[in-house]
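Coordinate analysis (summary)
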Amino acid sequence: VLSTTIASNTSDFGGGILNDGRLTLIGGSVLSNTADAGGGLNNFSVATISGTSFAGNAATYVGGGVSNYGPTSGGLSELTIQAASFISNTADLGGGLYNSGHLTLTTSLFAGNTVTDTQFGSGGGLANTSAGLNQLPFTALISGTTFQRNAAAVDGGGLVNFDRSLELVNVD
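Presented here is an overview of the structure given in this document.

**Topic: the pairing of strand β20 (residues 126-129)**
- Covered by surrounding structure in β20 are Leu 126 and Asn 128 together with Ala 127 and Thr 129, the residues of both alternating faces.
- In this structure, strand β16 (residues 97-99) lies alongside β20, joined through three bridges in parallel fashion. Its bridge partner being in β20, Asn 99 is matched across the sheet by Asn 128.
- In terms of strand pairing, β20 meets strand β24 (residues 159-162) through four bridges, oriented parallel. Pairing of Leu 126 across the sheet is with Leu 159, part of β24.

Below is the structure:
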């Protein structure tokens, strides 16, 4: 998908996009979509995102902008993101991005994302979690990425890491 705007859609999973195959998303915008999980994008498989803006998306549960949900019938989900922006997305967990799979995130921006659930609302910008599946070999690397003005009702306004190994390199 190249330089496309996906806006104002609604679904249970992946308000803007549901991926259960191989997705490459280059440029464009994913705006004002809503879902239970993955307001902008819900990834169950392999996705590569470059230069895309996720803004104003909402999820009632996880991943306002993007949800990368770990174990699937094909193995572990894989998400690679480069030079993307996550602006003003909302969810109960992981306002900008919820990750429970493999994640490589570089040179991206998370700004003004929020989680509001007063019991579990964590990871305003990003929530990185094992989803209770600690025995699986998840990897997460975040490099050269900025987290600013994100908010969480409970833990980790910018970023929260639960039960996972997380490598941070040059993160602001």
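Structure's up, so let's keep going.
**With respect to the sheet that holds strand β25 (residues 167-169)**
- Read across the sheet, six strands follow the order β3-β7-β13-β17-β21-β25 without closing on themselves; strand pairing throughout is parallel. Both outer strands of the open sheet, β3 (22-26) and β25, are each paired with one neighbouring strand and no more. Along the sheet, successive strands turn relative to each other by an average axial angle of 5°, direction set aside.
- Where strand β7 (residues 46-50) meets strand β13 (residues 78-82), five bridges bridge the pair, whose relative direction is parallel. Bridging from a neighbouring strand, Ile 49 pairs with Ile 81 of β13.

The rules behind these values
For every chain, the first residue of the written sequence is number 1, and numbering continues from 1 onward in sequence order. Only residues with pLDDT of 70 or above have their local features reported here, since the model is predicted, and side-chain atom pairs are shown and tallied only from 80 upward, although totals for entire chains, interfaces and linings are computed over all residues. Calculated side-chain values reflect all of the structure's heavy atoms, with hydrogen atoms and water omitted. Throughout, exposure labels follow a simple rule: accessible area from a 1.4 Å probe, protein chains only, divided by the maximum for the residue type, with under 20% read as buried, over 50% as exposed, and the rest as partly exposed. Numbering goes from the N terminus for both helices and strands, where a helix is a DSSP run of H or I of at least four residues and a strand is a run of E of at least two. At least two bridges found by DSSP between two strands is the condition for calling them paired. As a rule, the C-alpha atoms of each element are fitted with a line to give its axis, helices using only the stretch in contact, and angles between N-to-C directions run from 0 to 180 degrees.

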